[in-house]
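Structural characterization, general
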Amino acid sequence: LVAVCLLTISLCALSPEDVLSKDAGECAICLEELQQGDTIARLPCLCIYHKCIDEWFEVNRSCPEHPSD
């Protein structure tokens, strides 16, 4: 299921969208801080990113932090 979802970019990167309830460190893609109130994309592996994950999935097919999944 995770592999199918990762290949279906719109399911992974676009939904569900969440609003971050507390600061969560740094986005592994854009290196900006993940701050309370930011709109984020949550992947099936539960990793969270800013919407920059959309651009990541244009050239990659897996989570940046879990490339072998």
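First, a word on what this report is: a plain description of the structure on this page. Given the structure is predicted, the values throughout are model-derived calculations rather than measurements.

This next bit is on unusual backbone geometry. At Leu-31, a residue that is not glycine, the phi angle is positive and equals roughly 65°. Position of Leu-31 among the secondary structure elements: in the loop between strand 1 (17-19) and strand 2 (39-42). On the accessibility criterion, Leu-31 (54% relative accessible area) is exposed. Unusually for a residue other than glycine, Leu-46 sits at a positive phi of about 80°. What makes Leu-46 exposed here is its relative accessible area of 62%.

Conventions we followed
Residues numbered from 1 in each chain as written. Predicted model: local features only at pLDDT ≥ 70, side-chain atom pairs only at ≥ 80, totals over all residues. Heavy atoms only, no water. Helix = DSSP H or I, 4+ residues; strand = E, 2+ residues; numbered from the N terminus. Buried < 20%, exposed > 50% of the residue type's maximum accessible area, 1.4 Å probe, protein only.

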